[in-house]
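Residue-level structural notes
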Amino acid sequence: MSCPECGGEQLAIPVPVDLREYLRGDTPGVFVCRSCLAMRPADDPPAELPDLTSLDDALPSNPEAALPLVLLVGLLDSLAVNRSEITALLERAERAGADPLLVVGRLGDSFGADAHVDLASRRRQLEQLL
């Protein structure tokens, strides 16, 4: 299935119950575009979590840190609306040992203008949330 934002290939990701509160809607997973990192609901994700570093090697290899970061990036299109979810995901990624601002910065370097949001600009805004 291709991304409705850019037509790129998407990665289906199951989201554990304890992280679903940070999703839009009531689905058990998300699709994340490999080209622009846009996120949309997935009604039938795989049972197993894929290697999230396949999206980009800026993501931590630890799924406990990587998954909150993937969800966070997917919510950055509306920082004001998703502020509480983004803040919680930032904290969760930090507790799992990741540096979320570093990861967002590296993703911005990797995806540049192809990302669904200006990650460099969002990184600066995230600094204010921490």
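Residues numbered from 1 in each chain as written. Predicted model: local features only at pLDDT ≥ 70, side-chain atom pairs only at ≥ 80, totals over all residues. Heavy atoms only, no water.

**Section: the sheet that holds strand S2 (residues 29-33)**
Pairing between sheet strands relies on hydrogen bonds along the backbone, with the strands arranged either parallel or antiparallel. One open sheet holds the 3 strands; their spatial order is S1-S2-S3, and the pairing between them is antiparallel. The sheet is open, and its two edges are formed by strand S1 (10-14) and strand S3 (39-42), each paired on a single side. In this sheet, adjacent strand axes meet at a mean angle of 30 degrees when their direction is disregarded. Here S1 pairs with S2 via 5 bridges, running antiparallel. Looking at the pairing, Ala 12 lines up with Phe 31 of S2. Contacting S1, S2 and S3, helix H1 (residues 63-75) runs over the sheet at an angle of about 115 degrees to S3. (Pairing = 2+ DSSP bridges. Helix = DSSP H or I, 4+ residues; strand = E, 2+ residues; numbered from the N terminus. Axes fitted to C-alpha atoms, helices over the stretch in contact; angles between N-to-C directions. Contact = heavy atoms within 4.5 Å.)

**Examining H1**
Counted at 1.5 Å a residue, the expected span for H1 with its 13 residues is 18 Å, and the 18 Å between its end C-alpha atoms agrees. Across the 13 residues that make up H1, a large majority, 11, are buried. Elements in contact with the buried residues of H1: S1, S2, S3, helix H2 (83-95), helix H3 (100-111) and helix H4 (119-129). Structurally, the start of H1 carries an N-cap: the backbone nitrogen of Glu 64 is 2.8 Å from a side-chain oxygen of Asn 62. (Expected span 1.5 Å × (residues − 1). Buried < 20%, exposed > 50% of the residue type's maximum accessible area, 1.4 Å probe, protein only. Polar contact = N/O pair within 3.5 Å; in protein donor to acceptor, adjacent residues only side chain to side chain.)

**A short note on H4**
Inspection of H4 places Leu 119, Ser 121, Arg 122, Leu 126 and Leu 129 among the buried residues, and these make up the whole buried set. Each buried residue of H4 lies within a common arc of 150 degrees when the element is viewed along its axis, so the set occupies one face. Facing away from the buried side of H4 by over 90 degrees, the exposed positions are Arg 124 and Gln 128. For H4, the elements touching its buried residues are H1, H2 and H3. Its side-chain oxygen 3.2 Å from the backbone nitrogen of Ala 120, Asp 118 forms the N-cap of H4. (Arc of directions from axis to C-beta.)

**With respect to the side chain of Asn 82**
Tracing the sequence through the fold places Asn 82 in the loop between H1 and H2. Among the polar contacts listed, one links the side chain of Asn 82 to the backbone oxygen of Leu 75, at a separation of 2.9 Å. Other than its neighbours up to four places away in sequence, Asn 82 contacts Arg 24, Leu 75 and Asp 77.

Note that all results are geometric; they support no functional claim without further evidence.
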